[in-house]
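Commentary on secondary and tertiary structure
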Amino acid sequence: MSCPKCGSRDISIMAGEPIMFLCKRCGNQWLASIPRPGYVKVGESQYHWTEVEATREKMITIAGELLRSGSPTSDVVSKVAGLNSISKLFPREEVERIVKIAINIYGAGGGR
């Protein structure tokens, strides 16, 4: 980590709420962008880990239903990725991994 103002790596953490950093070279202070305990940060948003896991489980279930109905795997990946706004938590590679989990649980059903 380095100071956004001068680039120095001589940084200290300032205790308190909110947590801040202090550059020992130029005196610049800035907020630490550390998620709250139990939260994951995605872009500028924070989500509680239980919300992330619930979304993952929902995606696995829906992928399984689509696979059982005969949808090709490539279509399932696209549909699961577009489920809802929180699905943006997962990059496409993770969505593909979630669909693979569903294939292992529910069977392929459709074409691959």
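Position numbers for residues count from 1 along each chain, tracking the sequence in the order it is written. Local features are withheld for residues below a pLDDT of 70 in this predicted model, meaning they are given only at 70 or higher, and side-chain atom pairs are given and counted only at 80 or more; totals for whole chains, interfaces and linings count all residues. In computing side-chain values, all of the structure's heavy atoms are included and hydrogens and water are not.

1. Quick word on the overall build of the protein
Stated formally: Counting from the N terminus, the helices are DSSP H or I runs at least four residues long and the strands are E runs at least two residues long. Relative accessible area decides the class of each residue, using a 1.4 Å probe on protein chains only: under 20% of the type maximum gives buried, over 50% gives exposed, and in between gives partly exposed. Between two residues, a contact is recorded if the distance between any of their heavy atoms is within 4.5 Å. Using the Shrake-Rupley algorithm and a 1.4 Å probe, accessible areas are obtained, with residue cover drawn only from the displayed protein chains.
Helices and strands together make up the secondary structure of the protein, namely 3 helices and 5 strands. Listed N to C, the secondary structure of the protein is β-β-β-β-β-α-α-α in terms of helices and strands. When the 112 residues of the protein are sorted by exposure, 30% land in the buried category. For the protein, the proportion of contacts with a sequence separation of at least 24, taken over those separated by at least 6, is 38%. As presented, the protein carries roughly 7,200 Å² of accessible surface, and 52% of it is formed by carbon and sulfur atoms.

2. Details of the environment of K100
With respect to the helices and strands, K100 occurs in helix 3 (residues 92-106). For K100, a relative accessible area of 56% corresponds to the exposed category. Sequence separation between K100 and G64 is 36 residues; the distance between their C-alpha atoms is 9.7 Å.

3. Topic: helix 1 (residues 49-68)
Because an α-helix completes one turn every 3.6 residues, residues spaced three or four positions apart along the sequence face the same direction. So the rule is basically this: Expected span of a helix: the number of residues minus one, times 1.5 Å.
End to end, helix 1 covers 29 Å across 20 residues, agreeing with the expected 28 Å (1.5 Å per residue, within 8%). All of the buried residues in helix 1 are V52, T55, R56, M59, I60, A63, G64, L66 and L67.

4. Considering the packing of aromatic side chains
So the rule is basically this: Any two rings among Phe, Tyr and Trp, with Trp reduced to its six-membered ring, count as a pair given centres within 6.5 Å; such a pair is stacked if its planes are under 30 degrees apart, edge-to-face if over 60, and tilted if neither.
Tallied over the full model, the rule gives 1 aromatic pair. Taken together, a centroid distance of 5.8 Å and an interplanar angle of 40° make the contact between F21 and W30 tilted. Among the residues examined, W30 registers a relative accessible area of 16% and is labelled buried.

5. Structural notes on the pattern of salt bridges
Note the following rule: The salt bridge criterion pairs a side-chain nitrogen of Lys or Arg with a carboxyl oxygen of Asp or Glu, the two atoms within 4 Å.
Tallied over the full model, the rule gives 3 salt bridges. The partner of R56 in a salt bridge is E94, with the nearest N and O atoms 2.1 Å apart. Of this pair, R56 sits in helix 1 while E94 sits in helix 3, and the two are 38 residues apart along the sequence. Relative accessible area serves as the criterion here: at 14%, R56 is assigned to the buried category. Under the relative-accessibility criterion, E94 is labelled buried at 16%. A salt bridge links R97 to E94; its shortest N-O distance comes to 2.9 Å. Placement of the pair is R97 and E94 together in helix 3, with a separation of 3 residues, close to one helical turn. Here the residues in one salt-bridge network are E53, R56, E94 and R97, joined through shared partners.

6. Overview of the packing of helix 1 against helix 3
Definition in use: Lines fitted to the C-alpha atoms define the axes, with helices restricted to the stretch that makes contact. Angles between their N-to-C directions range from 0 to 180 degrees. The labels follow the angle: roughly parallel below 35 degrees, roughly antiparallel above 145, roughly perpendicular from 65 to 115, and oblique for the rest. For a crossing to be left-handed, the near helix must be turned anticlockwise from the far one by less than a right angle; the clockwise case is right-handed. Think of it as three bins: nonpolar holds Ala, Val, Leu, Ile, Met, Phe, Trp, Tyr, Cys and Pro, charged holds Asp, Glu, Lys and Arg, and polar takes everything else, Gly as well.
One can describe the packing of helix 1 onto helix 3 by two numbers: an axis separation of 8 Å at closest approach and a directional angle of 60°. With respect to each other, helix 1 and helix 3 are oriented oblique. For the pair helix 1 and helix 3, the sense of crossing is right-handed. Between helix 1 and helix 3, the residues in contact are R56, M59, I60, T61, A63, G64, L67 and R68 and E94, V95, R97, I98, V99, I101, A102, I103, I105 and Y106, respectively. Broken down by class, the residue content of the contact of helix 1 with helix 3 amounts to 12 nonpolar, 2 polar and 4 charged.

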